[in-house]
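# Geometric and topological summary
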Amino acid sequence: MDQLTHRGIFVQIDMTVNGRACSADVEDRTLLVHYLRDHLELTGTNVGCDTSSCGACTVHIGGQSVKSCTVLAAQVRGADVTTIEGMATDGELHPMQEAFRQCHGLQCGYCTPGMVMAATSLLSENANPTEAEVREGLEGNLCRCTGYQNIVKSVLSVGGQS
Amino acid sequence: MIPAALKYVEADSATAAIAALSEYGDEAKLLAGGHSLIPLMRFRLAVPAVLVDISRLDGLSDITDAGDHIAVGALAKHAEVESSSLLQSEAPLLAHVASKVGDPSVRHRGTLGGSLAHGDPASDLPAAVLALGGSIVVQGPDGERVIDAAEFFTGFLETAISETEIITEVRIPKSGSAGWSFQKFNRRAQDWAIVGVAAVLGASPKVSLINMGLTPLRAGAVESALAGGGSAAEAASVAAEGTSAPSDLNGDAEYRDHLARVLVERALDEASS
Ligand SMILES: Cc1cc2nc3c(=O)[nH]c(=O)nc-3n(C[C@H](O)[C@H](O)[C@H](O)COP(=O)(O)OP(=O)(O)OC[C@H]3O[C@@H](n4cnc5c(N)ncnc54)[C@H](O)[C@@H]3O)c2cc1C
Ligand code: FES
Ligand code: FES
């Protein structure tokens, strides 16, 4: 277990984000999403709601999708966190990002980082989902623009059964 | 919104958690998956001065065969309950219900113990534990006690656990070949149940109701009707008796009473088919 270190009213946060070791002192109440956006300036992870419902803030912790607005940064000390900024390698989009581009899986793009993170987590648990499984697997991610059709198409084009 | 200022402490064992709860008293709250507590803290509906994080402690999330029952660690996540082959074969209702909670990201964090301790009448897992006749193991400064799920939920978001106790395990009797069903009625994906029903037709049939009162509850009138030899339709017709359904934006109490009767009948039909 990672040592819990307080300095005054701050708690020391060490974690790996997108493969890079990061360290900062933050207030105990800091949510993971705010740590990522405000301290690490990884603003690809969005905040879309106040109720843990929209999924715009979805990141991976140890490879699994998590709503980063509903986790304290202190709770995931030592964890391996991936955000949308960590998906492309050497300037090449991740296949899921490329699929969203090809299939026009976004309009305004606000939900997209969360959609991509949730979709890749889904495929890591179920490499060959049916259309219904993709729709259910993305039920925690809301899109106000696209009507989901092309989002589902994007995901199916990477790993689906049709 | 951002939670109010708080002090974060971590417990590396159940004993350490109990010690922290005893030290900080009613200022402190346990933090497991955080998927009920953190949303409340963001709205400042919960303002704990101290959070005692148990989400990282080892050894309280195993799912094991304990002879006549399955022992599920309090920190087992919904996703782990959903995918446990042991639960899928010995108490399939629980694994199935876990798969219907929220969405995959919620299920990656939320825990069975947290769901029971929160005791929300609209939540799914308490209904499953009630219908399976489960019990809840809690540990406190005076040792361990085992509470029957039917006695666990005492009021709105209130349970039989005291402020210095922690749930360590949930015991789920094996349901063998008993028929079962789970009916969750909602209008949109990911939503909570407007009304829900869980049923297990074992030696003494058990039926529980979601969102039909101040607590997760057993459908006493339905169970008595079944015990007296009543048909599914007869038993379902009394589903709302003894309940006090809430009225809200999703529907009024009368509508919920109707849903309870319809869903209980569907559940009994499915469980006995
Ligand atoms: C978007 C969203 C959708 C959801 N949809 C559903 C749904 O459809 N159905 C459903 O049933 N639930 C739903 N939930 C709730 C979810 O299942 C929660 O995870 C669960 O209710 C609480 O578990 P937790 O581990 O997150 O507990 P926490 O939030 O950490 O804790 C909840 C309460 O329990 C106490 N507590 C936690 N663990 C213990 C313990 N071991 N011993 C004693 N006290 C403890 C805490 O102090 C706190 O008071 C949803 C949540 C979200 C955010
Ligand atoms: S910002 Fe996290 S779920 Fe909406
Ligand atoms: S593309 Fe605009 S919210 Fe999804």
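Residues numbered from 1 in each chain as written. Chains lettered and ligands numbered in written order. Predicted model: local features only at pLDDT ≥ 70, side-chain atom pairs only at ≥ 80, totals over all residues. Heavy atoms only, no water.

### Notes on the overall build of chain B
Looking only at helices and strands, chain B has 12 helices and 14 strands in total. Dimensions of chain B, computed from the C-alpha atoms along their principal axes, are close to 55 × 45 × 35 Å. Buried residues in chain B amount to 55% of all 273 residues. Contacts in chain B between residues at least 24 apart in sequence constitute 61% of all its contacts with a sequence separation of at least 6. Accessible surface for chain B amounts to roughly 11,000 Å². Of this, 48% is attributable to carbon and sulfur atoms. Within chain B, one finds 20 positive and 35 negative side-chain charges whose respective centroids are separated by 6 Å. (Helix = DSSP H or I, 4+ residues; strand = E, 2+ residues; numbered from the N terminus. Buried < 20%, exposed > 50% of the residue type's maximum accessible area, 1.4 Å probe, protein only. Contact = heavy atoms within 4.5 Å. Areas by Shrake-Rupley, 256 points an atom, 1.4 Å probe, with all protein chains shown as cover. Lys, Arg positive; Asp, Glu negative; His and termini not counted. Charge placed at Lys NZ, Arg CZ, Asp CG, Glu CD.)

### Topic: the site of ligand 1
Surveying the vicinity of ligand 1 reveals 28 residues, the closest of which are B:L30, B:G34, B:H35, B:T111 and B:D124. Nearby residues place ligand 1 at the junction of chains A and B. Between ligand 1 and B:H35, the relevant distance is 2.7 Å, taken from an oxygen atom to a main-chain nitrogen or oxygen of the residue. In this structure, B:I167 approaches ligand 1 through a main-chain N or O atom, which is 2.8 Å from a nitrogen atom. Protein chains shield 95% of the accessible area of ligand 1, which is 970 Å² for the free molecule. (Near = heavy atom within 4 Å. Polar contact = N/O pair within 3.5 Å; in protein donor to acceptor, adjacent residues only side chain to side chain.)

### Thoughts on the nonpolar core
The biggest cluster of nonpolar side chains holds 38 residues, and the ones touching the most others in it are B:L93, B:L94, B:L116 and B:I167. Put simply, the parts of the chain that give this core at least two residues each are β5 (69-73), α5 (92-98), α7 (112-118), α8 (125-131), β6 (135-140), α9 (149-152), β10 (166-173) and β12 (195-201) of chain B. If one sorts the elements of this core by residue count, α8(B) sits on top with six residues. When sequence neighbours within four positions are dropped, the list of residues in contact with B:L116 reads B:P126, B:V129, B:I136, B:F152, B:F153, B:T159, B:I167 and B:V170. In this structure, A:L40, A:A79, A:V81 and B:L51 belong to the second largest nonpolar core, which totals 34 residues. (Core = buried A, V, L, I, M, F, W, Y, C linked by side-chain atoms within 4.5 Å.)

### A closer look at a nonpolar patch on the surface
Taken together, B:F156, B:L157 and B:L214 make up a surface patch of nonpolar side chains, about 290 Å² in accessible area. By secondary structure assignment, the location of B:L157 is in the loop between β8 (153-155) and β9 (158-159). (Patch = residues over 30% accessible without salt bridge, like charges linked within 9 Å, V, L, I, M, F, W, Y side chains within 5 Å. Salt bridge = Lys/Arg side-chain N within 4 Å of Asp/Glu carboxyl O.)

### Some points on the domain arrangement of chain B
Residue and element names in this part refer to chain B. Domain assignment breaks chain B into domain 1 (7-53), domain 2 (63-173) and domain 3 (179-271). Spacing between the C-alpha centres of domain 2 and domain 3 amounts to 20 Å. Taken together, the contact between domain 2 and domain 3 spans 27 residues of the former and 20 residues of the latter. Both faces combined, the contact of domain 2 with domain 3 buries some 1,900 Å², and carbon together with sulfur accounts for 70% of it. When the buried area of domain 2 at its contact with domain 3 is split by residue, P121, L130 and A131 rank highest and sum to 27% of it. Where domain 2 touches domain 3, the interface holds one salt bridge. Applying the counting criterion to the domain 2 and domain 3 interface returns four residue pairs in polar contact (both at pLDDT 80 or more). Elements represented by at least two residues in the side of domain 2 that touches domain 3 include exactly α5, α8 and β8. At five residues, α8 tops the list of elements feeding residues into the side of domain 2 that touches domain 3. (Domains from an automatic or database assignment. Buried area = accessible area lost by both parts, 1.4 Å probe.)

### Looking at the interface of chain B and chain A
On the side of chain A, 32 residues touch chain B, which itself brings 37 residues to the contact. Taken together, both faces of the contact between chain B and chain A bury some 2,900 Å²; the carbon and sulfur share is 54%. Together, B:Y8, B:R42 and B:R56 form the three largest contributors to the area buried by chain B at its contact with chain A, with a combined 24%. Our enumeration of links across chain B and chain A arrives at three salt bridges. For the salt bridge of A:R77 with B:E10, the shortest nitrogen-to-oxygen distance reads 3.0 Å.

### Considerations on the side chain of B:R42
With respect to the secondary-structure elements, B:R42 resides in helix α2 (residues 37-42). Here A:C49 takes part through its backbone oxygen, which lies 3.4 Å from a polar atom of the side chain of B:R42. Looking at B:R42, its side chain comes within polar contact range of the main-chain oxygen of A:C69, at 3.4 Å. Setting aside its immediate chain neighbours within four residues, B:R42 contacts A:L31, A:C49, A:D50, A:S52, A:C69, A:T70, B:M1, B:I2 and B:P3.

### Comments concerning the sheet that holds strand β11 (residues 179-185) of chain B
Residues and elements named next belong to chain B. Strand order in the open sheet formed by four strands is β11-β12-β13-β14, with antiparallel pairing between adjacent strands. Two strands lie at the open edges of the sheet, namely β11 and β14 (217-218), each paired on one side alone. Looking at chain direction, strand β13 (residues 206-210) and β14 are connected through two bridges and run antiparallel. Within β14, the residue paired with S208 across the bridge is R218. This element, helix α12 (residues 253-271), spans β11, β12 and β13 of the sheet and lies at about 150 degrees to β11. (Pairing = 2+ DSSP bridges. Axes fitted to C-alpha atoms, helices over the stretch in contact; angles between N-to-C directions.)

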